[in-house]
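# Per-entry structural report
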Amino acid sequence: MKLITNSKRITIAALFVLACIPAMAQDLLARQAPIDRKMRTVDTVALKSIIQREQMESPAAELYSEWDNKYAHRATELPDSFRISLRHFCMPTPSRVVTSNFGLRWGRQHKGLDIKVYIGDTIRSAFSGKVRIVNYEGRGYGKYIVIRHPNGLETIYGHLSKQLVEENQVVRAGEVIGLGGNTGRSTGSHLHFETRLCGVALNPALLFDFRNQDVTGDYFIFKKSSYERESAEATRLRGKIGNGRYDRADVKGSNNDDNASKDNSIAQLSYYKVKSGDTLFSISRQRGVSIETLCKLNRISKNASLRLGQIIRFS
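The rules behind each value
- Residues numbered from 1 in each chain as written.
- Predicted model: local features only at pLDDT ≥ 70, side-chain atom pairs only at ≥ 80, totals over all residues.
- Heavy atoms only, no water.
- Buried < 20%, exposed > 50% of the residue type's maximum accessible area, 1.4 Å probe, protein only.
- Helix = DSSP H or I, 4+ residues; strand = E, 2+ residues; numbered from the N terminus.
- Pairing = 2+ DSSP bridges.
- Salt bridge = Lys/Arg side-chain N within 4 Å of Asp/Glu carboxyl O.
- pLDDT = per-residue confidence, 0-100.
- Contact = heavy atoms within 4.5 Å.
- Arc of directions from axis to C-beta.
- Polar contact = N/O pair within 3.5 Å; in protein donor to acceptor, adjacent residues only side chain to side chain.
- 1 Å grid on protein atoms, 1.4 Å probe; cavity = no way out; pocket = protein on both sides within 12 Å on 5 of 7 lines; lining within 4 Å.
- Points joined across faces, edges and corners; volume = space filled by probe spheres on them.
- Core = buried A, V, L, I, M, F, W, Y, C linked by side-chain atoms within 4.5 Å.

For the rest of this paragraph, the subject is the pairing of strand β13 (residues 190–197). Within β13, eight of the eight residues are buried, leaving the element largely enclosed by the surrounding structure. When strand β5 (residues 113–116) meets β13, the two strands line up antiparallel, connected through four bridges. Counted as the bridge partner of K116 is H190 from β13. By the bridge criterion, six bridges tie strand β9 (residues 153–160) to β13 in an arrangement that is antiparallel. Bridging across to β13, T155 finds its partner in T195. Strand direction decides the pairing type here: β13 and strand β14 (residues 200–202), joined by three bridges, are antiparallel.

So this is what it looks like as structure tokens:
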């Protein structure tokens, strides 16, 4: 009888242990879940970082079959419809003055907007992207820059007095790329600004409202079927006004205008990799920031020696 009782006790104990195993396993899984979620988050961040790097290596690769530094634009087949993101932008200049519209002008097509700027005025990249061309064209753009962006656009900045970026350089929205000028085929200092998709010029007024220093929305959907009508309407709403009179304040803007552009640019730190021959002075000129700012951001002195490959934060 005692043996039977012991057997029962053993059986009951074994059943109790077996019954606890699923609960213990559930506890183990419950403790593991936060770790799994954290690892998934890390993997997602890493994947996004890889995708961003690849996009910057060859922005909008799904639209462009090649990357060359020779031609400012070569028209290829436009898609029937294409969604262009306008988020994380920066106005190229605080100037609100459009001096010449997109379209027919003096018997030929004007492929961009002319925005009044003075020689030496700061010109910024409209979106993040990669500089494809830095060149000079005496009978046309003068000193100009072409940047390709991940949203599919290429932007062109013409008649500059100085180019402050290099070909194949990655730039952020709002980064200083050049200075306003009057080079090339130009009758007065201004910025010739183009927006192209697959090498085909689109009316910048469809995307940018210089008068109000803003973009026209979070995105613009290009449609072949309605482009001409929409372009004409954009010129009517956001093109040159009257006889084009303006004053200096309209061109120079204000601190508020500049801050608004910075607020709309990508909220991301910007860095520069030191190359042979670089100094704090040369970096400050290239990136449009003061030496004092560079020293403060990097906690270094004005007399600090820079190392080849050193990473310098400039914003």
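Spatially, three strands are ordered β6-β12-β10 in an open sheet, and the strand pairing comes out antiparallel. In this open sheet, the two edge strands, each paired with only one partner strand, are β6 (122–124) and β10 (162–163). Looking at chain direction, β10 and strand β12 (residues 176–179) are connected through two bridges and run antiparallel. Paired with K162 across the strands is L179, a residue of β12.

All right, on to the pattern of salt bridges then. One pass over the full model with this rule turns up eleven salt bridges. Across the pair D121 and K252 runs a salt bridge, and its minimum N-O distance is 2.4 Å. Of this pair, D121 sits in the loop between β5 and β6 while K252 sits in helix α3 (residues 248–252), and the two are 131 residues apart along the sequence. One salt bridge connects R132 with E154, and the closest N-O pair in it is separated by 2.7 Å. Of the two residues, R132 is situated in strand β7 (residues 129–137) and E154 in strand β9; the sequence distance between them amounts to 22 residues. Here R132 matches E154 in class, with each residue buried.

Further remarks concern the environment of M91. As for its placement among the helices and strands, M91 is situated in the loop between β1 (81–85) and β2 (98–100). M91 sits 83 residues away from G174 along the chain, and the two C-alpha atoms are 7.4 Å apart.

Right, let's talk about the confidence of the model for the protein for a bit. For the protein, per-residue confidence averages 84 on the pLDDT scale, and 77% of positions sit at 70 or higher. A low-confidence stretch, residues 258–268 (pLDDT under 50), is modelled with 17 contacts involving residues beyond four sequence positions or located in other chains.

So, about helix α6 (residues 291–298). If you check which residues of α6 are buried, you get L294, C295 and N298. The buried residues of α6 occupy an angular sector of 95° when the element is viewed end-on, so they sit on one face. Of the surrounding elements, those touching the buried residues of α6 are α5 (280–287) and β19 (311–313). Looking one or two places after α6, you find R299, whose phi comes out positive at around 55°.

What follows deals with α5. Where burial is concerned, most of α5 is hidden: six out of the eight residues are buried. The complete set of buried residues in α5 reads L280, S282, I283, S284, Q286 and R287. At the exit of α5 stands G288, carrying a positive phi of roughly 70°.

Attention now moves to the side chain of H192. The residue H192 is located in strand β13 in this model. At 3.3 Å, the side chain of H192 and the side chain of H110 are in polar contact. A distance of 2.7 Å separates a polar atom in the side chain of H192 from a polar atom in the side chain of E194. Each residue touching H192, except ones within four places of it in the same chain, is listed here: H110, K111, G112, L113, D114, Y141, I156, Y157, G158 and H159.

So, on to the layout of surface pockets. Empty space within the second largest pocket amounts to approximately 700 Å³. Looking at the second largest pocket, it is lined by 26 residues, and the ones nearest its centre are R105, H110, H159, R185 and H192. The element best represented in the lining of the second largest pocket is β13, accounting for four residues.

This part is about the nonpolar core. One finds I84, I145, Y157, L191, L197, F208 and F210 to be the most contacted residues of the largest nonpolar core, which totals 42 residues. Secondary structure elements with two or more residues in this core: β1, β5, β8 (142–148), β9, β13, β14, β17 (219–223) and α2 (227–238). The contacts of F210, once residues within four sequence positions are left out, are M91, P92, T93, S95, R96, V98, L113, I115 and F193. Listed in part, the eight residues of the second largest apolar core include Y272, I283, C295 and F314.

What follows is about unusual backbone geometry. Positive phi values are uncommon outside glycine, yet H88 reaches one of about 55°. Secondary-structure assignment places H88 in the loop between β1 and β2. Unlike most non-glycine residues, C198 shows phi in positive territory, near 55°. Along the polypeptide, C198 turns up in the loop between β13 and β14. The exposure class assigned to C198 is buried, which follows from its relative accessible area of 1%.

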